[in-house]
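# Analysis of the macromolecular model
Each chain, letter by letter, is given below.
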Amino acid sequence: MLAVCLLSVSCTKQGRHGNVKEGTMKYKITYLESEKESPIIGLLPSTIMMRFNNDKVLLEMEGWLGIFRSAFVKNGENEAYTLLKILSKKYLYVSEPNEGFYGMKKPDNLKVDFDDEIKEIIGFECKHATVTIDTLSFGVYYTNDIKIKNATANTPLDMIPGMLIDFRLEMNGIPMHLEAVEFINEKVPNTIFDIPTGYERVERSQMDEIFNGIGK
């Protein structure tokens, strides 16, 4: 079952941001299982970079000394796909409509309750919400200072009306805490959201087999 929760949040003053439409966000990743429980964790990165421009989003992860790379792309409202590179092998999985990003399944019993709590995190005014799954309740922080349409589309937290800043989710069954630690105000070209050449398109079952074989 997918759990989404808030752990500790650090607040770093970097100047107040507002009405941001493009740039790069760096998240620190804390894995919530040990390598003994999930051996693949030793190959995964400690950070994830999110580049965005208006309603387009690119999430990039690189681990295993660059041998393993993955990316999640939201290109407009209707297109979402996942890229996976292992050594010289390159794979592409295009999500079905309303499926979300590969490896990020939304539980049927997820509920979000909003409140009036506000906190500043790395220069963004962030709102708080409580996520409930069955009997578990956790918090997340998100901001409306970043003007991306449907910023959480294709993720399990698509009910959150803003950019996620501090939260938890599972990717391919691995629970992790993501905390925004840096924002870079820069131009992001539209071309980085296009499907690159040289990738082999695969079905969901093939992607499962490829990902499950990493680290074995």
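Above this text is the structure in question.
My aim in this report is to walk through the structure given alongside it, one point at a time. (Residues numbered from 1 in each chain as written. Predicted model: local features only at pLDDT ≥ 70, side-chain atom pairs only at ≥ 80, totals over all residues. Heavy atoms only, no water.)

A few words on the packing of aromatic side chains. Applying the stated criterion across every chain yields a total of six aromatic pairs. Both rings, one in phenylalanine 114 and one in tyrosine 142, keep their centres 6.2 Å apart while their planes meet at 80 degrees; by these two values the pair is edge-to-face. One end of the pair, phenylalanine 114, is in strand 7 (residues 110–121); the other, tyrosine 142, is in strand 9 (residues 136–143), with 28 residues separating them in the sequence. Relative accessible area serves as the criterion here: at 5%, tyrosine 142 is assigned to the buried category. Three or more aromatic residues link up through ring pairs in this structure, and these residues are Phe52, Phe124 and Phe183. (Phe/Tyr/Trp six-rings, centres within 6.5 Å; stacked < 30°, edge-to-face > 60°. Helix = DSSP H or I, 4+ residues; strand = E, 2+ residues; numbered from the N terminus. Buried < 20%, exposed > 50% of the residue type's maximum accessible area, 1.4 Å probe, protein only.)

All right, on to the pairing of strand 3 (residues 56–63) then. When strand 2 (residues 47–53) meets strand 3, the two strands line up antiparallel, connected through five bridges. Bridging from a neighbouring strand, methionine 50 pairs with leucine 59 of strand 3. Bridge analysis of strand 3 against strand 4 (residues 68–75) gives seven bridges, and the strand direction is antiparallel. Residue leucine 59 lies in a different strand from strand 4, and its bridge partner there is phenylalanine 72. (Pairing = 2+ DSSP bridges.)

Considering the arrangement of structural elements, one finds tyrosine 141 in strand 9. For the pair tyrosine 141 and threonine 130, spaced 11 residues apart in the sequence, the C-alpha separation amounts to 9.0 Å. One polar contact links tyrosine 141 to glutamate 117, side chain to side chain, over a distance of 2.2 Å. (Polar contact = N/O pair within 3.5 Å; in protein donor to acceptor, adjacent residues only side chain to side chain.)

The biggest cluster of nonpolar side chains holds 57 residues, and the ones touching the most others in it are Met25 and Tyr27. Sort the elements by how many residues they give to this core and strand 10 (residues 163–171) lands first, with six residues. Dropping the residues within four chain positions of it, tyrosine 27 is found in contact with Ser46, Thr47, Ile48, Met50, Met163, Leu164, Ile165, Phe167, Leu178, Glu179, Ala180 and Val181. Grouped together as the second largest cluster of nonpolar side chains are nine residues, Leu58, Val94, Val188 and Phe193 included. (Core = buried A, V, L, I, M, F, W, Y, C linked by side-chain atoms within 4.5 Å. Contact = heavy atoms within 4.5 Å.)

What follows concerns empty space enclosed by the protein. Tallied over the entire structure, the rule returns two cavities of 30 Å³ or more. Looking at the largest cavity, its volume works out to about 190 Å³. In this structure, the largest cavity is lined by 18 residues; those nearest its centre are Met50, Leu59, Thr155, Leu164 and Phe167. Counting residues per element, the ones that place at least two in the lining of the largest cavity are strand 2, strand 3 and strand 10. The element contributing the most residues to the lining of the largest cavity is strand 10, with five residues. Split by residue class, the lining of the largest cavity holds 15 nonpolar, two polar and one charged. By volume, the second largest cavity amounts to about 130 Å³. Mapped onto the lining of the second largest cavity, the elements with two or more residues apiece are strand 4, strand 5 (79–86), strand 11 (174–184) and helix 1 (204–212). Here the residues of the lining of the second largest cavity sort into 12 nonpolar, three polar and no charged. (1 Å grid on protein atoms, 1.4 Å probe; cavity = no way out; pocket = protein on both sides within 12 Å on 5 of 7 lines; lining within 4 Å. Points joined across faces, edges and corners; volume = space filled by probe spheres on them. Nonpolar A, V, L, I, M, F, W, Y, C, P; charged D, E, K, R; others polar.)

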